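Fold and contact review
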Amino acid sequence: MIETERMTFLDGNWWEFKKQLTVGAKRAMEAVLKSAFKVEVNEAGLPELKMDWEKADFDEATRVMILASTTAWSFGEVSPAIFNNIPQSQYEQVARRCNELYAPFPVSAKGN
């Protein structure tokens, strides 16, 4: 079983998440970013995977991966509906911590 970490906030709320990136969380993020990837042929005539940075929605990819990594929280049931009502400042603290834990695979391109 993957070890979890609990972050407690000043208002008493808490958020528990996996300390390692899981296959499911990574796949959730990749599904969001899938449309931003395209295959181009390089100078050697070989296919090369490129990212279309204009299409890449790193904010949504971050949200999906953080939700997939969440095991429990004090806000109620772990669900997208509850997730959308969590204080932004607390979400940002968790996102920063997951970025540290999941390196070198960053949670977001912005590092937030």
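Below is a short write-up of the structure. Within each chain, residue numbers correspond to sequence positions counted from 1 in written order. Residue-level local features of this predicted model are given only where pLDDT is at least 70; pairs of side-chain atoms are given and counted only at 80 or more, and the full residue set underlies all totals for whole chains, interfaces and linings. Processing note: side-chain calculations cover all non-hydrogen atoms of the structure and skip hydrogens and water entirely.

On to the packing of helix H1 (residues 23-33) against helix H2 (residues 58-69). Where helices are involved, their axes are fitted lines through C-alpha atoms of the stretch in contact, as for all axes, and angles between N-to-C directions lie from 0 to 180°. Runs of H or I in DSSP of at least four residues are treated as helices and runs of E of at least two as strands, each being numbered from the N terminus. With their axes 8 Å apart at the nearest point, H1 and H2 run at an angle of 160° to one another. On the basis of their axis angle, the class for H1 and H2 is roughly antiparallel. In this structure, H1 crosses over H2, and the sense of that crossing is right-handed. Every residue of H2 that contacts H1 at Ala-25, Lys-26, Ala-28, Met-29, Val-32 and Leu-33 is listed here: Phe-58, Glu-60, Ala-61, Val-64, Met-65, Ala-68 and Ser-69. These descriptions rest on fixed angle ranges, namely under 35 degrees for roughly parallel, over 145 for roughly antiparallel, 65 to 115 for roughly perpendicular, and the rest for oblique. It is the rotation of the near helix from the far one that decides the hand of a crossing: anticlockwise by less than a right angle makes it left-handed, clockwise makes it right-handed. Contact criterion: two residues are considered in contact whenever any of their non-hydrogen atoms come within 4.5 Å of each other.

Between the rings of Phe, Tyr and Trp (Trp by its six-membered ring), a pair exists once the centres lie within 6.5 Å; its type follows the angle of the planes, with under 30 degrees stacked, over 60 edge-to-face, and the other angles tilted. A complete count under the given rule lists seven aromatic pairs for this structure. Between Trp-73 and Phe-75 the ring centres are 5.8 Å apart and the planes differ by 80°, which places this aromatic pair in the edge-to-face class. There is no split in this pair, since Trp-73 and Phe-75 are both buried. Three or more aromatic residues joined by ring pairs form one cluster here, namely Trp-15, Trp-73, Phe-75, Phe-83 and Tyr-91. The criterion for a charge sitting over a ring is simple: Lys NZ or Arg CZ within 6 Å of the ring centre, and within 35 degrees of the ring normal. A cation over an aromatic ring shows up here: Arg-6 above the ring of Trp-14, its NZ or CZ 3.6 Å from the ring centre. Type-normalised accessible area, obtained with a 1.4 Å probe on protein chains alone, sets the label of each residue: buried when under 20%, exposed when over 50%, and partly exposed for intermediate values.

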